[in-house]
2 protein chains.
Amino acid sequence: MRFLRFKKDGETVYGLLEGAQVYELTGSIFSDYKKTGEIFELEDVELDIPVVPRTFYAAGLNYQTHLEKMSVAVGLDASAPGAPDIGYRANNALTAHNEPVVIPADATDQVHYEGELVVVIGKQGKYLTPETAMDIVFGYTIGNDISERSWQKSDKTMWRSKNTDTFKPMGPWIETDVDLKTMETIVRLNGKEQICFQTNRMITGIVPYLVHMTNYLTLYPGDVIWMGTEGTSPNLLDGDVVEVELTGIGTLRNPVIRQTP
Amino acid sequence: MRFLRFKKDGETVYGLLEGAQVYELTGSIFSDYKKTGEIFELEDVELDIPVVPRTFYAAGLNYQTHLEKMSVAVGLDASAPGAPDIGYRANNALTAHNEPVVIPADATDQVHYEGELVVVIGKQGKYLTPETAMDIVFGYTIGNDISERSWQKSDKTMWRSKNTDTFKPMGPWIETDVDLKTMETIVRLNGKEQICFQTNRMITGIVPYLVHMTNYLTLYPGDVIWMGTEGTSPNLLDGDVVEVELTGIGTLRNPVIRQTP
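Just so you know, these numbers come straight off a predicted model, no measurement behind them.

Rotating chain B by 180 degrees about the axis while translating it 0.0 Å along that axis superimposes it on chain A, leaving an RMSD of 0.0 Å. Such a combination of turn and shift is consistent with a two-fold rotation axis. By C-alpha distance to the rotation axis, the residue of chain B lying nearest is B:Tyr88, at 3.2 Å. Same-surface contact between copies: 100% of interface residues of chain B are shared with the interface of chain A.

Right, dumping it as structure tokens:
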């Protein structure tokens, strides 16, 4: 099933996508919802981000080639974390499918995409085990972890390099039924394929992450965990269009705008 | 004015504290609210955290002595950030006034308090100036940034050292009218004063923080910014009680429990 959020009369409401039609919902997609009876065509609705996370988690360097390249680019330790480390991103940076990524005028040229699988939590969970971890996963969506590499290197935190407004496109919807074993992540720049990788070939997979995290923290419905990316990106330019496709979910598409001083 | 949240019939509702009486509110404290007519005695209500932040920001090393001590303790660069850096904390870790801080069994002895001023945002703001920055501040509350120093040193991020469940007590309420010039932060352990410092003697003050942050990000109603702490803490033990008083706001009190293996 595909759940999305869209704008209606100045508010954001939930919808269920069936084919090309959006059935408006009331209630919570994580507990109890029903159709209102109103139906819209997907092409007619303006999508919003599919969930506002309670906490916005992000896995660090979680694919081998990306780890090796980034350790050189931003001066990080090239060894993978001994145990899964978890970072945070900020809700201010989230932006919807089709909305522009706006690069500030004082950013360098080194602004990059990172196509990522996003795990959406559906139930409260702590002290999960390998057997129970997947029980709290509601579904999956797509993220693009836009990063300004010079700030990532110079700042003590990623507040600006990764959390500038619009630097976290997420969407277009949450898909509850996927086959992680066969899923591929494909990133296209202006229609041209840049990279294609097996989404599930992570250094630390979803289950070990959930088990390790919930030794210390409680996950709640609506939390999201961005699982990291593979490879590297060319510098994004004003007018570029980035598409991140996750097979079985869909395609997250965002144009790029660079502000002028 | 003092706004708080308390538990009523299994839900959390807003209240306005006048003297020792709590007037239940409906609506949003950030836009439009009114009294429901129901009144409770403060001593009879169970407080919840006074706001669930949309984004939970935290200033880094923002007081001189703390900066110098921490740079030794956790191996950080002793120089203050050239510009205000902003970190993130996680909503899972928030816990209310009087609720216990629960230290996991596998934590070391090096678990410390950090008494902090918390800025609560009331209006949306971007590209703030020194003249407009304070217009978006709704009020202030108190935070205790519990930290496990060995994890802070060993992990790549602060996900566990500072964001373990219950490691972020916040409350007891939001005070809208304070005198930052005269405010003092006093931390007591088991009733005995450990440290007292001028709250506003920060390396980077609230206004420069808001101006710098909003060059890149939008602040929203309900966002909180924890402003950092001064000094150091002894190791917290099972059965300890930590109180953080900010004069003009109140006192945040939390007992400490250590889990056994």
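Bringing the environment of B:Trp173 into the picture now. Residues and elements named next belong to chain B. Looking at where Trp-173 falls in the secondary structure, it is placed in strand β14 (residues 168-175). Separated by 134 residues in the primary sequence, Trp-173 and Ile-39 have C-alpha atoms spaced 17 Å apart. Apart from residues lying up to four places away in sequence, Trp-173 is in contact with Arg-2, Phe-3, Leu-4, Leu-17, Pro-50, Thr-141 and Gly-250.

Next up on the list: the domain arrangement of chain A. Note on interface size: it is often stated as the accessible area lost on association of the parts. All names here are of chain A. As assigned here, chain A comprises domain 1 (1-48) and domain 2 (51-258). Centre-to-centre separation of domain 1 and domain 2, based on C-alpha positions: 24 Å. Taken residue by residue, the interface counts eight residues in domain 1 and 14 residues in domain 2. Every element with two or more residues in the side of domain 1 that touches domain 2 is listed here: β1 (2-8) and β5 (47-48). Broken down by element, the residue count for the side of domain 1 that touches domain 2 peaks at three residues, all from β1. Classifying every residue of the side of domain 1 that touches domain 2 gives six nonpolar, no polar and two charged.

What follows is about the interface of chain B and chain A. Chain B puts 24 residues into the contact, and the matching count from chain A is 24 residues. Counted by class, the side of chain B that touches chain A contains nine nonpolar, nine polar and six charged residues.

Turning to helix α3 (residues 206-213) of chain A, a few remarks are in order. All names here are of chain A. Every buried residue of α3 is listed here: Tyr-209, Leu-210 and Met-213. Axial view of α3: buried residues confined to an arc of 95 degrees, hence all on one face. The inward-facing, buried residues of α3 abut β6 (56-59), β7 (86-88) and β17 (224-226).

Let's shift gears to the environment of A:Met213. Residue and element names in this part refer to chain A. Positionally, Met-213 belongs in helix α3. A sequence separation of 87 residues divides Met-213 from Lys-126, and the C-alpha atoms of the two residues are 8.4 Å apart. If we ignore the near neighbours within four places in the chain, the residues touching Met-213 are Ile-86 and Leu-219.

Here we take up the nonpolar core. Core analysis: the largest hydrophobic core is formed by 130 residues, its most contacted members being A:Val118, A:Val119, A:Val224, B:Val118, B:Val119 and B:Val224. Excluding its chain neighbours within four sequence positions, the residues that come into contact with B:Val119 are B:Val137, B:Tyr140, B:Ile206, B:Val224, B:Ile225 and B:Met227.

So, how was this worked out
- Residues numbered from 1 in each chain as written.
- Chains lettered and ligands numbered in written order.
- Predicted model: local features only at pLDDT ≥ 70, side-chain atom pairs only at ≥ 80, totals over all residues.
- Least-squares fit on C-alpha atoms with pLDDT ≥ 70 in both.
- Contact = placed C-beta atoms within 7 Å.
- Helix = DSSP H or I, 4+ residues; strand = E, 2+ residues; numbered from the N terminus.
- Domains from an automatic or database assignment.
- Nonpolar A, V, L, I, M, F, W, Y, C, P; charged D, E, K, R; others polar.
- Buried ≥ 20, exposed ≤ 12 C-beta atoms within 10 Å, placed from the backbone.
- Arc of directions from axis to C-beta.
- Core = buried A, V, L, I, M, F, W, Y, C linked by C-beta atoms within 7 Å.

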